[in-house]
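Reading the structure
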Amino acid sequence: EERTRWHRRILEERSNRLARYREKLNGKDGLWRVWRSQLPPENQVRAAALERLKVWAAFLDPNVAQSRRVSALASELFHGLVAHRLIPAVHEKELHSILELAALAHQVKPVRDAESRPKVSARLLRILPPPLGYSAHELKLAAAVVRFHRGDLPSASKKTMQQLERADRRQVALLAGILRLANVFASASSAAVTRLITEERNRQLRIYAEGYRPSAAFAQQLATERYLLESVLRRAILVRPFRKPAPKRPTLVRPR
């Protein structure tokens, strides 16, 4: 009887304390809301994590300026595909984040190596501890995109692709195709390209490159690297120079 009485008294005191605890934390002016308001929002956390990754890549990238050009052109091409509904809007933020990571790290290399290689760059990104705001899965997909941003195509026989889920394989191929084209536009043979405008017409994807000047070397590169994105989107890709429209001459109206 004494044990039962003490047990009942402990439960009563516990329930009273829990009620006071919930009263302080919940509600419009509760402490949970106060504490949560002082934490950074999710977009700020990811932005800080991206800046940290930029610093990491800058120490291992032999040409940071070119990598940032590649990242800017890849983002323009990506948003152009989103505008024409060639990329699902529900996955837009996640895929763009993965593409941004891959573009940032596609040239990283160990200090002892003379030049960067896709396999090595992908491994460096894959073993990196994911910073707060990014998941290990996102870094894994970004590393796979880096692995196939040039050179080998992401075929099912490759070990990197075999380790991914079926849905992730198509996303990796799509982002690797975008990064391949952006890498070509940022190469030395097309150094004047500053902006990309995407248009879909008659199931053809037309890319208008501002500052693009056709040449045999660039055409050969482009024909090789656009194949992956063409096969994923199932559309032919045509590249055309973008020319700003000439300003119209003002019409003179003669007085009667």
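Here is a short report on the structure shown in this document.

Quick notes on the rules
- Residues numbered from 1 in each chain as written.
- Predicted model: local features only at pLDDT ≥ 70, side-chain atom pairs only at ≥ 80, totals over all residues.
- Heavy atoms only, no water.
- Helix = DSSP H or I, 4+ residues; strand = E, 2+ residues; numbered from the N terminus.
- Rg over C-alpha atoms; globule rule 2.2 N^0.38 Å.
- Areas by Shrake-Rupley, 256 points an atom, 1.4 Å probe, with all protein chains shown as cover.
- Lys, Arg positive; Asp, Glu negative; His and termini not counted.
- Charge placed at Lys NZ, Arg CZ, Asp CG, Glu CD.
- Phe/Tyr/Trp six-rings, centres within 6.5 Å; stacked < 30°, edge-to-face > 60°.
- Lys NZ or Arg CZ within 6 Å of the ring centre and 35° of its normal.
- Core = buried A, V, L, I, M, F, W, Y, C linked by side-chain atoms within 4.5 Å.
- Buried < 20%, exposed > 50% of the residue type's maximum accessible area, 1.4 Å probe, protein only.
- 1 Å grid on protein atoms, 1.4 Å probe; cavity = no way out; pocket = protein on both sides within 12 Å on 5 of 7 lines; lining within 4 Å.
- Points joined across faces, edges and corners; volume = space filled by probe spheres on them.
- Nonpolar A, V, L, I, M, F, W, Y, C, P; charged D, E, K, R; others polar.
- Pairing = 2+ DSSP bridges.
- Axes fitted to C-alpha atoms, helices over the stretch in contact; angles between N-to-C directions.
- Contact = heavy atoms within 4.5 Å.
- Parallel < 35°, antiparallel > 145°, perpendicular 65-115°, else oblique.

It is worth spelling out the overall build of the chain at this point. The helix and strand inventory of the chain stands at eleven helices and three strands. Reading the helices (α) and strands (β) of the chain from amino to carboxyl end gives α-α-α-α-α-α-α-α-α-β-β-α-α-β. In terms of overall dimensions, the chain is more spread out than a globule: its C-alpha atoms have a radius of gyration of 26 Å, far above the 18 Å expected for 256 residues. Accessible surface, the chain: about 16,800 Å² in total, of which carbon and sulfur atoms supply 53%. Considering the chain, the positive charge centre built from 49 side chains and the negative charge centre built from 24 side chains are found 7 Å apart.

If you walk through the whole model with that rule in mind, you get one aromatic pair. Here Arg 46 stacks its cationic end above the ring of Tyr 134, 4.3 Å away from the centre of that ring.

Take the nonpolar core next. Residues Ile 178 and Phe 185 are the most contacted members of the largest nonpolar core, which totals 65 residues. Among the elements that make up this core, the one with the highest residue count is helix H9 (residues 166-185) (eleven residues).

Looking at the largest pocket, its volume works out to about 240 Å³. Residue assignment for the lining of the largest pocket shows that the elements contributing at least two residues are H9 and helix H10 (216-225). Ranked by residues supplied to the lining of the largest pocket, first place goes to H9 with three residues. Along the lines of polarity and charge, the residues of the lining of the largest pocket split into two nonpolar, eight polar and three charged.

Let's shift gears to the sheet that holds strand E3 (residues 236-242). Pairing is mixed in the open sheet, where three strands are placed in the order E1-E2-E3. Every other strand in the sheet has two partners, leaving strand E1 (195-201) and E3 as the edge strands with one partner each. Each strand of the sheet is rotated relative to its neighbour by a mean of 25°, with strand direction disregarded. Relative to E3, strand E2 (residues 204-210) runs parallel, the two being bridged by seven bridges. Within the sheet, the bridge partner assigned to Ala 209 lies in E3 and is Pro 241. This element, helix H4 (residues 64-83), spans E1 and E2 of the sheet and lies at about 20° to E1.

Positionally, Ala 103 belongs in helix H5 (residues 92-105). Residue classification places Ala 103 among the buried positions, given a relative accessible area of 1%. For the pair formed by Ala 103 and Ala 173, sequence separation is 70 residues and the distance between their alpha carbons is 14 Å. Residues within four places of Ala 103 in sequence aside, it is in contact with Ser 67, Ser 71 and Leu 179.

Okay, the side chain of Glu 225 next. Along the chain, the position of Glu 225 falls in helix H10. Setting aside anything within four residues of it in sequence, one finds Glu 225 in contact with Arg 180, Leu 181 and Val 184.

Contact geometry of helix H6 (residues 118-126) with helix H7 (residues 136-147) gives a least axis separation of 8 Å together with a crossing angle of 170°. Our classification of the angle between H6 and H7 gives roughly antiparallel. In this structure, H6 uses Pro 118, Lys 119, Ser 121, Ala 122, Leu 125 and Arg 126 to contact H7, whose residues at the interface are Leu 139, Ala 142, Ala 143, Val 146 and Arg 147. Residue composition of the contact of H6 with H7, grouped by class: seven nonpolar, one polar and three charged.

The final tally for this structure, using the stated rule, is one cavity of 30 Å³ or more. In this structure, the largest cavity occupies an estimated 40 Å³ of space. Forming the boundary of the largest cavity are Lys 54, Ala 57, Ala 58, Asp 61, Val 64, Ser 67, Arg 68 and Leu 104. The set of elements that each furnish at least two residues to the lining of the largest cavity consists of helix H3 (42-60) and H4.

Just distances and angles here, no functional claims.
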